[in-house]
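One letter stands for each residue in the lines below.
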Amino acid sequence: TIDFLDNAGMAHVEARIRQLTARLMSKLEGSAKVKLRTNRAASLSAGVVKADLPSVDLRALDAKLYASQGMAFSVTAEGPLRGMRVSPHVYNSLE
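Residues numbered from 1 in each chain as written. Predicted model: local features only at pLDDT ≥ 70, side-chain atom pairs only at ≥ 80, totals over all residues. Heavy atoms only, no water.

## Quick look at helix 3 (residues 58-69)
Inference 1: Its 12 residues give helix 3 an end-to-end C-alpha distance of 16 Å, which sits within 8% of 16 Å, the value for a rise of 1.5 Å per residue.
Inference 2: The opening residue of helix 3, the one whose side-chain oxygen lies 3.1 Å from the backbone nitrogen of arginine 59, is aspartate 57.
Inference 3: The first or second residue beyond helix 3 is glycine 70, which carries a positive phi of 70°. (Helix = DSSP H or I, 4+ residues; strand = E, 2+ residues; numbered from the N terminus. Expected span 1.5 Å × (residues − 1). Polar contact = N/O pair within 3.5 Å; in protein donor to acceptor, adjacent residues only side chain to side chain.)

## Topic: the side chain of threonine 38
Inference 1: Structurally, the position occupied by threonine 38 is in the loop between strand 1 (35-36) and strand 2 (49-52).
Inference 2: A distance of 2.6 Å separates a polar side-chain atom of threonine 38 from the backbone nitrogen of lysine 50.
Inference 3: In this structure threonine 38 touches Met25, Ser45, Val48, Val49 and Lys50, once residues within four positions along its chain are discounted. (Contact = heavy atoms within 4.5 Å.)

Laid out in structure tokens, this is it:
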């Protein structure tokens, strides 16, 4: 809610989102199966991470992750911008 964000402070919220996205990008970059589409430069990225798993049916993976973990992604299933996009937020954990 807005009250939660106001109490946390927007600087804290931004720092937390950057921490979460940086950690996620680092983990994704460590896999040969993943193509990171988000620019790592802080000035060129925000609280969104997009990655592709070229050998995976992204729609099926999205459905599986939502059913098993409650995780929601935005999927571009084909074309030059193919990938899954996620937006970590201040209340997400590092796990």
